[in-house]
Amino acid sequence: MDFMPIHALLLQSIPESLAFISLGLSLAGVWPPFRRVVGLSVLYSVLTYVVRRLPVYFGVHSLILVVLLIFILRYGLKISFTRASLASLLGFISLALVETTYLPIIVKITGISISQAVRDPWLRVIFPIPQELFLGLLAYICWRRGFSLVPPAKEDKYRV
């Protein structure tokens, strides 16, 4: 069980969700109106807050969150289950790659351990800011240029 303070939900979880969901959608060839993505990102972040409070084994909450995101994208954007799954997985993979690359660098630079950053309510918000900015910038570039790893589906209504 992971306790996420409410300010971390607002200042860390929502921006991170917005960045990786936007990137996942773009990489999956789906470009809905940005306002819609913001709303779904807020919904997903609130669900993250709730799921992380569940008394489940470590890692199970991540699986639950992947499934929830697939359904949020599927029904919130009315895209195919395959496209929603692809967007969800690409978003999570992008987030994991950036975190895996970024965290050792920031730990080395700051001298602050990951466990120390997670325990401190404000470090938890400040620590991932460069990572979120990078993900957000990458999502913005992909979104603006219509870049995707797969061609957009002809039947999807969200196309560049």
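In what follows, the structure referred to is the one given above.
Residues numbered from 1 in each chain as written. Predicted model: local features only at pLDDT ≥ 70, side-chain atom pairs only at ≥ 80, totals over all residues. Heavy atoms only, no water.

Novice: Which residues make up the overall build of the chain, and what values do they have?
Specialist: Summing up its helical and strand segments, the chain has seven helices and zero strands in all. Counting helices and strands in the order they occur from the N terminus, the chain gives α-α-α-α-α-α-α. Relative to a compact globule of 160 residues, whose C-alpha radius of gyration would be 15 Å, the chain shows 16 Å and is just as compact. Per-residue burial for the chain yields a buried fraction of 44% across its 160 residues. The contacts of the chain with a sequence gap of at least 6 include a subset with a gap of at least 24, amounting to 75%. Element-wise, carbon and sulfur atoms account for 71% of the exposed surface of the chain, whose accessible area totals about 9100 Å². (Helix = DSSP H or I, 4+ residues; strand = E, 2+ residues; numbered from the N terminus. Rg over C-alpha atoms; globule rule 2.2 N^0.38 Å. Buried < 20%, exposed > 50% of the residue type's maximum accessible area, 1.4 Å probe, protein only. Contact = heavy atoms within 4.5 Å. Areas by Shrake-Rupley, 256 points an atom, 1.4 Å probe, with all protein chains shown as cover.)

Novice: Any chance you could break down the nonpolar core for me, citing the residues and the numbers?
Specialist: Within the largest apolar cluster, 31 residues are counted, with the highest numbers of intra-cluster contacts made by Phe 20, Ile 21, Leu 25, Tyr 44 and Leu 73. Counting residues per element, the ones that place at least two in this core are helix 1 (6–27), helix 2 (34–51), helix 3 (60–77), helix 4 (81–110) and helix 7 (129–145). The biggest single contributor to this core is helix 3, with seven residues. Not counting the four nearest positions on each side in its chain, Tyr 44 is found in contact with Ser 17, Phe 20, Ile 21, Leu 65, Leu 69, Ile 72 and Phe 92. (Core = buried A, V, L, I, M, F, W, Y, C linked by side-chain atoms within 4.5 Å.)

Novice: Would you mind going over helix 1 in detail, with residue names and values included?
Specialist: Taking 1.5 Å per residue, 22 residues should reach 32 Å; helix 1 reaches 30 Å between its end C-alpha atoms and fits that length. Of all the bends found along helix 1, the most pronounced is centred on Ser 13 and spans about 35°, while Pro 15, a proline, follows it within four residues. Phi turns positive, to about 80°, at Gly 29, one or two residues after helix 1. (Expected span 1.5 Å × (residues − 1). Bend = angle between axes of the 7 residues up to and from the residue.)

Novice: So what's going on with unusual backbone geometry? Which residues, and what values?
Specialist: A positive phi angle is found at Lys 78, which is not glycine, with a value near 55°. For Lys 78, the position within the fold is in the loop between helix 3 and helix 4.

Novice: Tell me about the environment of Ser 148, residues and numbers included.
Specialist: Relative to the helices and strands, Ser 148 resides in the segment after helix 7. Ignoring sequence-local partners within four residues, the contact set of Ser 148 consists of Ser 26, Leu 27, Ala 28, Gly 29 and Trp 31. One polar contact links the side chain of Ser 148 to the main-chain carbonyl oxygen of Val 150, over a distance of 2.4 Å. (Polar contact = N/O pair within 3.5 Å; in protein donor to acceptor, adjacent residues only side chain to side chain.)

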